[in-house]
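Breakdown of the fold
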Amino acid sequence: MTTLGAVFRPQLPPERLRDLARAADGAGLEELWLWEDCFLEGGISAAAAALAWTDRLRVGVGLLPVPLRNVAVTAMEAATLHRLFPGRPVLGVGHGVQDWMGQVGARAESPVTLLREYLTALRALLAGERVTTDGRYVKLDGVALDWPPPAPVPVLAGATGPRSLKLSGEAADGTILTANTSPEGVREARRLIDEGRASASRTDAGAPHGVVVYLLTATGSDAAARLRAEQRAEGVASVPDLGVAGDAAAVAEAVQRLTEAGADTVILQPTADEPDPEGFIRFAAEKVRPLVP
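This one's a predicted model, so the numbers in the text were calculated from it and none came from an experiment. (Residues numbered from 1 in each chain as written. Predicted model: local features only at pLDDT ≥ 70, side-chain atom pairs only at ≥ 80, totals over all residues. Heavy atoms only, no water.)

This paragraph deals with the overall build of the chain. In terms of regular secondary structure, the chain is built from ten helices and eleven strands. Relative to the 2.2 N^0.38 estimate, which gives 19 Å for 293 residues, the radius of gyration of the chain is 18 Å and therefore close to what a compact globule would have. Principal-axis analysis of the C-alpha atoms gives the chain an extent of 60 × 40 × 40 Å. Residues classed as buried in the chain amount to 54% of the 293 residues present. A total of about 12900 Å² of accessible surface is found on the chain, and carbon and sulfur atoms cover 51% of it. Put simply, the chain has 29 plus and 37 minus side-chain charges, and the middle of one group is 2 Å from the middle of the other. (Helix = DSSP H or I, 4+ residues; strand = E, 2+ residues; numbered from the N terminus. Rg over C-alpha atoms; globule rule 2.2 N^0.38 Å. Buried < 20%, exposed > 50% of the residue type's maximum accessible area, 1.4 Å probe, protein only. Areas by Shrake-Rupley, 256 points an atom, 1.4 Å probe, with all protein chains shown as cover. Lys, Arg positive; Asp, Glu negative; His and termini not counted. Charge placed at Lys NZ, Arg CZ, Asp CG, Glu CD.)

Before going further, it helps to spend a moment on the pairing of strand β2 (residues 31-34). Along β2, one buried face is formed by Glu-31 and Trp-33 and the opposite face, lined by Leu-32 and Leu-34, is buried too. For strand β1 (residues 3-8) and β2, the ladder comprises four bridges, and the chain directions are parallel. Counterpart to Ala-6 in the pairing with β2 is Leu-32. Handedness of the crossover joining β1 and β2 through helix α1 (residues 17-27) is recorded here as right-handed. Bridging between β2 and strand β3 (residues 58-65) involves four bridges; their strand directions are parallel. Across the sheet, residue Glu-31 finds its bridge partner in β3, namely Arg-58. Read from β2 through helix α2 (residues 43-53) to β3, the crossover connection turns out right-handed. (Pairing = 2+ DSSP bridges. Right-handed = clockwise from strand over helix to strand, strands pointing away.)

Relative to each other, α1 and α2 sit at 50°, their axes nearing to 9 Å. Looking at the two axes, α1 sits oblique to α2. Handedness of the α1/α2 crossing: right-handed. Judged by residue contacts, Leu-17, Arg-18, Ala-21 and Arg-22 of α1 engage Ala-46, Ala-50 and Trp-53 from α2. Of the residues belonging to the contact of α1 with α2, the class tally is five nonpolar, no polar and two charged. (Axes fitted to C-alpha atoms, helices over the stretch in contact; angles between N-to-C directions. Parallel < 35°, antiparallel > 145°, perpendicular 65-115°, else oblique. Left-handed = near helix turned anticlockwise from the far one by under 90°. Contact = heavy atoms within 4.5 Å. Nonpolar A, V, L, I, M, F, W, Y, C, P; charged D, E, K, R; others polar.)

Here the focus is the environment of Asn-70. Residue placement: Asn-70 occurs in the loop between β3 and α3 (71-84). Looking at Asn-70, its side chain comes within polar contact range of the main-chain nitrogen of Ala-72, at 2.8 Å. (Polar contact = N/O pair within 3.5 Å; in protein donor to acceptor, adjacent residues only side chain to side chain.)

So, on to the packing of aromatic side chains. Scanning all chains against the criterion turns up three aromatic pairs. Relative to Tyr-214, the ring of Trp-33 lies with its centre 6.2 Å away and its plane at 85°, an arrangement referred to as edge-to-face. With Trp-33 in strand β2 and Tyr-214 in strand β9 (residues 210-218), this pair connects stretches of sequence that are 181 residues apart. Arranged with centres 6.4 Å apart and planes meeting at 45°, the rings of Phe-280 and Phe-283 form a pair that is tilted. Taken together, the residues Phe-280 and Phe-283, both in helix α10 (residues 277-288) and three residues apart, mark about one turn of the helix. In textbook terms, an aromatic cluster arises when at least three aromatic residues are bridged by ring pairs, as seen for Trp-33, Trp-35 and Tyr-214. (Phe/Tyr/Trp six-rings, centres within 6.5 Å; stacked < 30°, edge-to-face > 60°.)

Let's shift gears to the pairing of strand β8 (residues 174-177). Of the two faces of β8, both are covered, the one formed by Gly-174 and Ile-176 as well as the one formed by Thr-175 and Leu-177. Taken together, the three bridges between strand β7 (residues 155-158) and β8 define a ladder with parallel strand orientation. Considered in β8, the bridge of Leu-156 is made with Gly-174. Regarding topology, helix α6 (residues 162-171) serves as the crossover connection from β7 to the parallel β8, and that connection is right-handed. Sheet topology places β8 next to β9; four bridges connect them, and they run parallel. Note that in β9 the partner of Gly-174 across the bridge is Gly-210.

Following this line, the structure appears as structure tokens:
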């Protein structure tokens with residue numbers, strides 16, 4: 001069964017999060033995703049608040065930029081969330097936007113090397129292991145969590161390029177794809193992820209590797225115009241079969257195309273100028289969800 005969710009975009013002020021999280025929880029939406037975009041809102045603090053304000057909603061952070069966070073701190077934060085709200089946090093890590101990383105003096109010369117070292121250490125720490133490593137970027141000396149999660153938790157990686165997608169297959173438990181990913185892009189991502197899993201002999205090991213993809217979505221009388229404007233701003237207006245504007249049936253069809261291409265979870269991403277964020281949440285939960293198998 002396809003998991004369906006929606007994004008709380010950080011272009012909204014943090015004080016709007018409570019109402020949107022409660023609307024999602026009350027409407028029965030499965031997942032609400034947050035972004036740690038520079039320099040808007042903190043991913044862990046926002047996720048903790050959203051989890052505390054709700055009862056059953058899963059809250060994803062897609063993603064935490066690894067150059068900004070020591071891996072031991074990320075492990076501590078993740079473990080705390082998973083112990084406080086078992087089964088409900090979903091955390092992803094990734095390179096971060098390189099221009100933003102440069103602004104804060106954290107840009108890595110080799111983002112792929114950093115992410116590889118980070119994923120390996122983070123998964124080991126969350127598994128309760130004592131970790132010593134002396135990598136190019138990640139250096140730990142006998143570090144172990146006193147309060148690791150009581151059960152295995154997945155660590156997702158955000159990825160776009162071929163090297164990062166293969167790395168996600170090798171070293172992560174799932175992959176997050178941006179809203180600039182068409183169904184054909186999802187198929188190619190799945191191929192590269194599976195190639196990475198095979199190279200690491202992970203094909204048949206553990207839980208399946210889940211793929212999360214954002215779907216830029218607009219609904220209402222001006223939906224098509226808002227969708228086109230955002231795609232032009234992102235420079236992807238000419239990419240075929242990208243995003244969706246229309247009613248619940250049209251959105252459900254677009255979700256289905258992504259799942260048929262290999263996505264397990266589709267997160268509806270409203271345009272930055274969405275006029276009714278709470279209404280968008282209810283639209284996803286009450287109108288689209290019943291149409292998605």
